[in-house]
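# Tertiary structure, described
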Amino acid sequence: MPPTESGLSSSSDDTQDRRVPPEFRALLAGGRRRPAPPVLTGTGPLLDNLAGWGPADTTAGPFELVPVQPARDLDRITGWMNDPAVAAFWELAGPPGTTAAHLRGQLDGDGRSVPCLGVLAGVPMSYWEIYRADLDPLARHYPALPHDTGIHLLIGGGADRGRGLGSTLLRATADLVLDRRPQCTRVVAEPDLRNTASVAAFLAGGFRYSEELELPGKRAALMIRDRAHRHLH
């Protein structure tokens, strides 16, 4: 929130401001105020400062969620979205503007969903969306609990698919959520039932199948990783 007139530098300025019509007073004040610093993606309270979570150790190397910066990451993510294996389920194939609009819907929001690059051993290789499932339209379709945290994922390169890496990263990411979000009791996901490879990766990553959901545009498997049972999987 910008500073109020009471925060100006001297009492004489305050007196002068009161004699100036409001529309000009705003212009004058604008010249004296410092611009507000930009809000960094992933630093808000709704996801407990995701940008500061740090890396997790995995058998494939250190893995970290890094909030997306479109100027840096748009071309890379657009390329992934145009991979036919990805486009079949994400339905975001097209020019960079298509991906940019999808990202902007999250980046311009209140921080309840944060788009991230998954960086493994220093290499960006996947795209993630970490979101507050209890604040998402998804909550209308299942018995959501406060602070339920959702995951969307795509593995960018074909060479990284089909060898168990997805389940390793899903487990690591779910554990990051549970470690960094003490009020969250479970991590949820809703992969398309047709995407059997994705459902299998969640199962291998310590999630359990809960139920089938009828969502707008797809039938989904509700997958859950519970804090209380994480040591069992």
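Scroll up to find the structure.
Here the structure is a predicted model, which means the values were calculated and not measured. (Residues numbered from 1 in each chain as written. Predicted model: local features only at pLDDT ≥ 70, side-chain atom pairs only at ≥ 80, totals over all residues. Heavy atoms only, no water.)

### Some details on the environment of D148
Inspection of the secondary structure assignment puts D148 in the loop between β4 (123-132) and β5 (149-155). Judged by relative accessible area, which is 0%, D148 ranks as buried. Taking the C-alpha atoms as reference points, D148 and D134, separated by 14 residues in sequence, lie 5.4 Å from one another. Setting aside its immediate chain neighbours within four residues, D148 contacts Y131, R132, A133, D134, Y142, R186 and V188. In terms of polar contacts, D148 uses its side chain to reach the side chain of Y142, at 2.7 Å. Here the side chain of D148 touches R186 through a polar contact of 3.0 Å, side chain to side chain. (Helix = DSSP H or I, 4+ residues; strand = E, 2+ residues; numbered from the N terminus. Buried < 20%, exposed > 50% of the residue type's maximum accessible area, 1.4 Å probe, protein only. Contact = heavy atoms within 4.5 Å. Polar contact = N/O pair within 3.5 Å; in protein donor to acceptor, adjacent residues only side chain to side chain.)

### So, the pattern of salt bridges
Under the definition given, this model contains 16 salt bridges. Between R219 and E212 there is a salt bridge whose closest N-O contact spans 2.0 Å. Judged by relative accessible area, R219 falls into the partly exposed class, the value being 41%. Linked through salt bridges whose partners overlap, the residues forming this network are D175, D179, R225 and R230. (Salt bridge = Lys/Arg side-chain N within 4 Å of Asp/Glu carboxyl O.)

### Brief notes about the packing of aromatic side chains
The tally for this structure, following the rule as stated, stands at 3 aromatic pairs. Pairing W90 with Y127 gives two aromatic rings, centres 5.6 Å apart and planes at 65°, and the pair type is edge-to-face. A residue pair is termed long-range when its members are at least 10 positions apart, and W90 in helix α4 (residues 84-90) and Y127 in strand β4 qualify at 37 residues. (Phe/Tyr/Trp six-rings, centres within 6.5 Å; stacked < 30°, edge-to-face > 60°.)

Function cannot be read off these values alone, since they describe shape.
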